[in-house]
Amino acid sequence: MKAGIGVCASSILMLATAAFPLLPAQEQEPNYDEKKVPDYVLPDPLTTGDGRRVANARDWREVRRPEILELFRSQMYGRRPGPPRELRSRVTSMESRALGGTAVRKEVSLYLNTDRELPRMDLLIYLPASRSGPVPAFLGLNFNGNHSIHPDPGISLTRTWMRPSKVEGAVLENRATEKGRGTLSRRWPVEKIIGRGYALVTAYYGDTDPDDDDEFRNGVHPLFYRPGQTRPDADEWGSIAAWAWGLSRALDYLETDPGVDQHKVALLGHSRLGKTALWAGAEDERFALVISNNSGCGGAALSRRRFGETVARINRVFPHWFCGNFKQYGGREERLPMDQHLLVALMAPRPVYVASAVEDRWADPRGEYLSARHASPVYALLGVPGLPGDSMPGVNQPLMGTIGYHIRSGRHDVTDYDWDRYLDFADRHLRKGP
Ligand code: GTR
């Protein structure tokens, strides 16, 4: 396998495919063999679509960044609408002596449809009880409802429709029940987070759009249809973009919450929600720091490597995640006018952390690392160090510049090891003063 960065030879490819049409997009057996990764050329972050050199921070900000953002919007995640006309919020519960007196627990409903009850995003917020002013926060969507992130009996059961799922042997129904309480708490070390002086803010991802292919009838999409429109256009938002939009609405609310420092909100997401965190951070530069945990295909992993999960497979199994235009790239990754290193680069100069796990080959750890590395030239152009070093680090040997990366031992998950790194990374970047 040979890889390179260069001006994407899309015009040459177009000529070649006109003469020899490509086979229809096919899904092949997943490849886990590094030797079978095809040769590829990545689009250069610092060359514009029409071949001009991006020479300084101004070129990046005014020309190249908007151009890349537009490619991801129109070709992959889809365009999203602005905020609702008015975002109503209501504090639904407050406990100032939660978790044995160490935390304040607060629940806040955000009404996404101006004058209706639903759809609604229910935020769960823990603040350190010992704080003396607004604190930095981690904000992340959860997979199984707010009540799944901690056994705390004071957390309201999630009221929206739930994805039927099996968590650690317990089958959860479409409605949240007591059985689900605390079932994913190992991914959310609340005591550790507040012990380090951070707030934790989370919401169930299905609040904004239930994760099934229902042709965008439920969730937030229909709120924004034009008269007569019944599904998003080919360049309009899929579910990942809807979840990311929800994160921006959570931040709209946090800007009004005196407990949280709105300028120090770190986004964190795992797996499909890691893809979501990256896209949310790209779309909304108010987020101060972004963490993508095991995000894989459609997240941090380079699509052109076709290692593990591929564009064809993800579009078939999750047709609602991306916009309609993304379907054309299944089996034709070399035609993508961007790749995922450019998504990481859209965070610049803000800190971003990409994390992999050794056994999570489906997510292509090396492809995740390479995205972080190939985003680095943009950070250098903007005058901050990107990812240190020029080779993939060993297992459990984190790299931390303004871009962070680690590959830890173990499987696809969020572990204490991951959180310890994220807290160190956040300390380094969010605690260094004004
Ligand atoms: C897998 C999917 C991945 C990843 C994961 C998850 O089935 O293929 O892209 O997102 O789900 O979100 O748990």
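Because the structure is a prediction, the values reported are computed rather than measured.

### Some remarks on the site of the ligand
- With respect to spatial proximity, the complete set of residues near the ligand consists of Ser-271, Arg-272, Lys-275, Glu-309, Ile-314, Phe-318, Trp-321, Trp-362 and His-412.
- Taking Ser-271, its side chain carries an N or O atom lying 2.7 Å from an oxygen atom of the ligand.
- Residue Lys-275 places a side-chain N or O atom 2.8 Å away from an oxygen atom belonging to the ligand.
- Contact with the protein chains hides 79% of the accessible area of the ligand, taken as 310 Å² for the molecule alone.
- A class-by-class count of the residues in the shell around the ligand yields four nonpolar, two polar and three charged.

### Points about the sheet that holds strand β11 (residues 289-293)
- With respect to topology, ten strands assemble into an open sheet ordered β3-β4-β5-β9-β6-β10-β11-β12-β14-β13, the strand pairing being mixed. Across the chains shown, the open sheet's two edge strands, defined by having one partner strand only, are β3 (88-98) and β13 (399-400).
- The pairing of β13 with strand β14 (residues 403-408) spans two bridges and is antiparallel. Each residue of the ladder has a partner; that of Met-400, found in β14, is Gly-404.
- Its contacts with the sheet put helix α9 (residues 416-430) on β6 (135-142), β10 (260-270), β11, β12 (352-357), β13 and β14, and the angle it makes with β14 is roughly 165°.

### As for the side chain of Asp-360
- Along the chain, the position of Asp-360 falls in the loop between β12 and α8 (365-381).
- Here Asp-360 is buried and forms no salt bridge, its nearest opposite-charge partner Arg-408 lying at an N-O distance of 7.0 Å.
- When near neighbours in sequence (up to four residues on either side) are disregarded, Asp-360 contacts Asn-294, Pro-365, Gly-410 and His-412.

The rules behind the values
Residues numbered from 1 in each chain as written. Predicted model: local features only at pLDDT ≥ 70, side-chain atom pairs only at ≥ 80, totals over all residues. Heavy atoms only, no water. Near = heavy atom within 4 Å. Polar contact = N/O pair within 3.5 Å; in protein donor to acceptor, adjacent residues only side chain to side chain. Areas by Shrake-Rupley, 256 points an atom, 1.4 Å probe, with all protein chains shown as cover. Nonpolar A, V, L, I, M, F, W, Y, C, P; charged D, E, K, R; others polar. Pairing = 2+ DSSP bridges. Helix = DSSP H or I, 4+ residues; strand = E, 2+ residues; numbered from the N terminus. Contact = heavy atoms within 4.5 Å. Axes fitted to C-alpha atoms, helices over the stretch in contact; angles between N-to-C directions. Buried < 20%, exposed > 50% of the residue type's maximum accessible area, 1.4 Å probe, protein only. Lys, Arg positive; Asp, Glu negative; His and termini not counted. Salt bridge = Lys/Arg side-chain N within 4 Å of Asp/Glu carboxyl O.

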